[in-house]
2 protein chains.
Amino acid sequence: MTLRSEDDFLRLIDHYFPEKPDNVVLGRGDDCCIIQARSTLCLSTDLFLEDIHFRRAYFSPEDIGYKALAVNVSDIAGMGAVPRAFTLELMIPEKLPDDFWPRFFQGMSQLAQTYELTLAGGDLSRSAQLGIGLTIWGEPGESGRLLTRGNADPGDALFVIGNPGMARLGLNMLEQKGTAALEHWPRSVAAHLHPTPRVTEGQILSGLAGVRGCMDISDGLARDLPRFLRHCPQAHGADLDFGTVNLDPELLCWAEGSRREALRSVWLGGEDYGLLGACDTKSLPTLCAAIPEATYIGTLSATPGIRHNNAPMESRGFDHFEQ
Amino acid sequence: MTLRSEDDFLRLIDHYFPEKPDNVVLGRGDDCCIIQARSTLCLSTDLFLEDIHFRRAYFSPEDIGYKALAVNVSDIAGMGAVPRAFTLELMIPEKLPDDFWPRFFQGMSQLAQTYELTLAGGDLSRSAQLGIGLTIWGEPGESGRLLTRGNADPGDALFVIGNPGMARLGLNMLEQKGTAALEHWPRSVAAHLHPTPRVTEGQILSGLAGVRGCMDISDGLARDLPRFLRHCPQAHGADLDFGTVNLDPELLCWAEGSRREALRSVWLGGEDYGLLGACDTKSLPTLCAAIPEATYIGTLSATPGIRHNNAPMESRGFDHFEQ
């Protein structure tokens, strides 16, 4: 299928994204979409650019469509909210295989269907570089509460949901071996290509009164934990305890059995799209019972700095931006 | 000023865009911004890419920042709404002059201040290509009404606000002569580099009961009028009457005095960012008194097709997308 005009594209989009007027009053096709907001909305925007955020050498078109949306859904999950709808900016280079866009929309629409997301609008443009810009919004779930970063006190417990470090390992293996990495590193490759946004878990957290704050881990714990602490009025530091962190055999294999080396990767991470949060200590058992994948990773402290076994942790995680 | 890290950029953004917490409950710095919506919101998203939508040869950094926001504000104006806040995606190539980004933010923030817009969030990424993605939202003004496209009936009057055709002429002159075009074509060059979103006019329209529908003219009347008609249940065509269209001397000069040739440029246009709307005929005098720049351009008809002096108009306007 060759896409020659804007109308061709719009027809393809209509095919994969039927309008769902319950989420938006007015969808695509006007100057703006119109949203009927019950109370508060939370909204986030992210870029997903070729050779910065993904490579076509090992991302299938379906993976690109899926992940462009998944990383945005993860921001809604980080607020403990219910994702509702999104707009899409497509930067369209001339030379792409004919089946690229149908497969791209296939991957994206599959995830959209999972969460009943409406594609409410967008923009298309020719471009030198393949890229996607996506803006998503959501609403508070049953709890009525949105979880912001920080808000936690010294003594509160830090927890993660997901498997930090796996996506970083997957990226490294894909960069080294291309799609052949899948054979020996299936779970870490999947963590990079096909991250699972923690929407259900985020909503459970927002319903637990003892949960203070939450964020999604996109740049690795080493970068994201300091960002979380910046929003805590009195907890200026943390004492990490990775004793109960369950290490995936792929991480241990890569680290040649060194738990220390594997934990370094968990700490530095990058593109994990799990959740990082804090709760009061007496809520921790309830939380871990409600979300089996939640793992305690330390305790907040009034003392500035992040420590592990009393030694300061290195603070550089993953940065798409730095040269 | 050299911008080496995401933090450098965020500091620069904080300098030019102070947070205005009255428009958003929670601004930049979390997974999402939080918006307290009174009732409905209208939201739009647009790309603004180097060598597709602008050229650095004749756009100053201030112009790029200004226009990236202005074309989005124009979508809110097209709904007759009040723009409130926006998010910004910046695609940042490595080699730009040191003063590019401060000047870019200067141009953008000037327009943001005019409308008291909050920069509520965004994303930054290294990129091969310079580009901006922008998502903006607004609310109904005092009238409580949002103006969608179409909704008009046969016999209703069509009107435009602004000077269609001028931006197209400005683009052609800038492409031919670069910034030297400014000397002989100051108003058309300004129409291309620095379009004025018709926010006040849009809100006046939303308050006039006789106004049926409205849209912003971004791709030229030739493309946008059929889009307007598509949303009219019974008015499938239009009979144009350009008799009262006031032609700018620059347009007439370019057309070597031929009113016919100048009107062809008005019709084809492109990037005009004026407004196109329809009202019942008895409201037209009130409308023109309230908005002196409004010009009657024809009447809607049940007969399909767009005609001028009973001859069909050519239908191809400006398309960023086509090859």
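See the structure printed just above.
Here we summarise the structure given alongside this text. As the structure is a prediction and not an experimental result, all values here were calculated from the model.

1. Considerations on the nonpolar core
Reasoning step 1: Ranked by size, the top nonpolar core spans 98 residues in total, and within it Trp101(A) and Phe105(A) carry the most contacts.
Reasoning step 2: If you count residues domain by domain, this core takes at least three from each of domain 1 (6–140) and domain 2 (157–312) of chain A.
Reasoning step 3: If near-sequence neighbours (up to four positions away) are discounted, Phe105(A) is found in contact with Phe9(A), Leu12(A), Ile13(A), Tyr16(A), Phe17(A), Leu88(A) and Leu90(A).
Reasoning step 4: The next biggest cluster of nonpolar side chains, apart from the first, holds 96 residues, and it includes Ile13(B), Ile161(B), Met173(B) and Leu300(B).

2. A few points about helix α1 (residues 6–16) of chain B
All names here are of chain B.
Reasoning step 1: When we look at burial in α1, the residues that qualify are Asp8, Phe9, Leu12, Ile13 and Tyr16. The buried residues of α1 occupy one face: seen down the axis, they fall within an arc of 135°.
Reasoning step 2: Among the structural elements, β3 (81–92), α3 (100–114) and β4 (118–126) are those in contact with the buried residues of α1.

3. Points about the packing of aromatic side chains
Any pair of aromatic rings gets described here by the distance separating the centres and the angle formed by the planes.
Reasoning step 1: For the coordinates displayed, the defined rule picks out 28 aromatic pairs over all chains.
Reasoning step 2: Chaining the aromatic ring pairs together yields one cluster made of Phe9(A), Tyr16(A), Phe17(A), Phe86(A), Phe100(A), Trp101(A), Phe104(A) and Phe105(A).

4. Brief notes about the packing of helix α8 (residues 221–230) of chain A against helix α10 (residues 259–268) of chain A
Residue and element names in this part refer to chain A.
Reasoning step 1: Running from N to C, α8 and α10 cross one another at 50°; their axes reach a closest spacing of 6 Å. With respect to α10, the element α8 is oriented oblique. Counted together, Leu221, Ala222 and Leu225 of α8 and Val266, Trp267 and Leu268 of α10 form the full contact between these two elements.
Reasoning step 2: Along the lines of polarity and charge, the residues of the contact of α8 with α10 split into six nonpolar, no polar and no charged.

5. Some details on the interface of chain B and chain A
Reasoning step 1: Taken together, the contacts link 61 residues of chain B with 60 residues of chain A.
Reasoning step 2: Between chain B and chain A, a total of about 5100 Å² is buried, with carbon and sulfur atoms accounting for 54% of that surface.
Reasoning step 3: Connecting chain B to chain A are four salt bridges.
Reasoning step 4: Of the charged contacts, one joins Asp31(A) and Arg149(B) as a salt bridge, the two residues approaching to 2.9 Å between their closest N and O atoms.
Reasoning step 5: Taken together, the connections running from chain B to chain A amount to 28 residue pairs in polar contact (both at pLDDT 80 or more).
Reasoning step 6: Going through the elements one at a time, α1, β1 (33–36), β2 (40–49), α2 (61–78), β3, β4, β5 (131–140) and β7 (211–217) of chain B are the ones with two or more residues in the side of chain B that touches chain A.
Reasoning step 7: Take the side of chain B that touches chain A: its biggest share by element is nine residues, from β2(B).
Reasoning step 8: Classifying every residue of the side of chain B that touches chain A by side-chain character gives 27 nonpolar, 20 polar and 14 charged.

6. A word on the pattern of salt bridges
Reasoning step 1: A full pass over the atoms with the stated rule returns 42 salt bridges over all chains.
Reasoning step 2: Taking the shortest distance from any N to any O, the salt bridge between Glu250(A) and Arg187(A) comes out at 4.0 Å. Highlighted residues: Glu250(A) in helix α9 (residues 249–254) and Arg187(A) in helix α6 (residues 186–193), separated in sequence by 63 residues.
Reasoning step 3: Relative accessible area serves as the criterion here: at 6%, Glu250(A) is assigned to the buried category.
Reasoning step 4: Salt-bridge contacts for Arg307(A) lead to Asp239(A); the nearest nitrogen and oxygen are separated by 2.8 Å. In this pair, Arg307(A) is assigned in strand β11 (residues 305–308) and Asp239(A) in strand β8 (residues 237–240), connecting sequence segments 68 residues apart.
Reasoning step 5: What makes Arg307(A) buried here is its relative accessible area of 15%.
Reasoning step 6: Of the residues examined, Asp239(A) reaches a relative accessible area of 31% and is grouped as partly exposed.
Reasoning step 7: Taken together, the salt bridges that share partners define one network made up of Asp30(A), Asp31(A) and Arg149(B).

The rules behind these values
- Residues numbered from 1 in each chain as written.
- Chains lettered and ligands numbered in written order.
- Predicted model: local features only at pLDDT ≥ 70, side-chain atom pairs only at ≥ 80, totals over all residues.
- Heavy atoms only, no water.
- Core = buried A, V, L, I, M, F, W, Y, C linked by side-chain atoms within 4.5 Å.
- Buried < 20%, exposed > 50% of the residue type's maximum accessible area, 1.4 Å probe, protein only.
- Domains from an automatic or database assignment.
- Contact = heavy atoms within 4.5 Å.
- Helix = DSSP H or I, 4+ residues; strand = E, 2+ residues; numbered from the N terminus.
- Arc of directions from axis to C-beta.
- Phe/Tyr/Trp six-rings, centres within 6.5 Å; stacked < 30°, edge-to-face > 60°.
- Axes fitted to C-alpha atoms, helices over the stretch in contact; angles between N-to-C directions.
- Parallel < 35°, antiparallel > 145°, perpendicular 65-115°, else oblique.
- Nonpolar A, V, L, I, M, F, W, Y, C, P; charged D, E, K, R; others polar.
- Buried area = accessible area lost by both parts, 1.4 Å probe.
- Salt bridge = Lys/Arg side-chain N within 4 Å of Asp/Glu carboxyl O.
- Polar contact = N/O pair within 3.5 Å; in protein donor to acceptor, adjacent residues only side chain to side chain.

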